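Listed below are the residues making up each chain.
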Amino acid sequence: MAVDSRFGSGPQMIHTCPRTVLLLHSRVMVGLVGLEGDVQSLSHEFSVQMENLKLRRFLGFGFASSSSSSSSSSSTSSYSSQWSKTTSMTPKSASCLMSHLLYQRRTAPYYVEPIVVGLEEIKATCRGQGNDHISNDSNHYNDDDDDDKGDGDDQETMIRYKPFLCAQDVIGAQSKSHAFVCSGVAKKSLYGCAESLWRPNLSSKELVQVCGKAFLSALERDCLSGYGAVLYLMEGGKGIQEIQLSCRND
């Protein structure tokens, strides 16, 4: 995710600060762009709803709650570990919650266009030394006969991550993509630059270079954007890295 630092009222520049970015946890981020008053209101409402959902799941009132959370004999450490296990929200759930909040105010909408990005976990089970058996939620691959089904000791669980990208309009209509999504006043230029530079199966270093080059190229073509940029790189199992980008200041 990349955001610029210009805060202004039309052609008049007021201040320089990065856009509002909500970090839910190490695999989900929400970026908000629009009128600053509406951004603050939506950010506060979204944070309150997130805390309510976390509490409901922890106490056992949600569909994703665990049965062990209602045990009265658990210690403080077990409660804290149970809290961390049951309150992590997936990118798809965060996108649905944001869309619901925006659509609730469709008669008097927030003038905000959010972007939800994250990494979805895909657990794959491998069996055998040569990983002859591979199965996950999306596909199933079996290369041997059924005589190896009893070998449960050789099973290994691999966690893979699939990117989730979703842009929304002011009433919560979702636009998902496996490549890239854009929002803001310079989104037309962003889409053009991203289409020309993006390619599948980019490494982390290549992704930073392509995203930074496309973002800065689009900012050069829009007079209402710029004054610095911040790029957030999300990697599965490594967390989120913040990278500062320099651009024009006029």
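Quick summary incoming for the structure in this document. (Residues numbered from 1 in each chain as written. Predicted model: local features only at pLDDT ≥ 70, side-chain atom pairs only at ≥ 80, totals over all residues. Heavy atoms only, no water.)

## Points about the overall build of the chain
1) Next: Helix and strand content of the chain: five helices and 12 strands.
2) Next: Out of the 250 residues in the chain, the part that is buried amounts to 36%.
3) Next: Long-range contacts, defined here as pairs at least 24 residues apart, represent 59% of the contacts in the chain between residues at least 6 apart.
4) Next: Here the chain has roughly 14,700 Å² of accessible surface; of this, 49% comes from carbon and sulfur atoms. (Helix = DSSP H or I, 4+ residues; strand = E, 2+ residues; numbered from the N terminus. Buried < 20%, exposed > 50% of the residue type's maximum accessible area, 1.4 Å probe, protein only. Contact = heavy atoms within 4.5 Å. Areas by Shrake-Rupley, 256 points an atom, 1.4 Å probe, with all protein chains shown as cover.)

## Observations regarding the packing of aromatic side chains
1) Next: Within the structure shown, the criterion is met by two aromatic pairs.
2) Next: Aromatic pair F180 and Y191: ring centres 6.2 Å apart, planes at 50 degrees, arrangement tilted. With F180 in the loop between β10 (174-177) and α4 (187-197) and Y191 in helix α4, this pair connects stretches of sequence that are 11 residues apart.
3) Next: Here the aromatic rings of F180 and W198 are separated by 6.2 Å at their centres, their planes lie at 65 degrees, and the arrangement is edge-to-face. (Phe/Tyr/Trp six-rings, centres within 6.5 Å; stacked < 30°, edge-to-face > 60°.)

## Description of the environment of L233
1) Next: You can see L233 is positioned in strand β11 (residues 229-235).
2) Next: A sequence separation of 25 residues divides L233 from V208, and the C-alpha atoms of the two residues are 7.3 Å apart.
3) Next: Other than its neighbours up to four places away in sequence, L233 contacts S204, L207, V208, G239, I240 and Q241.

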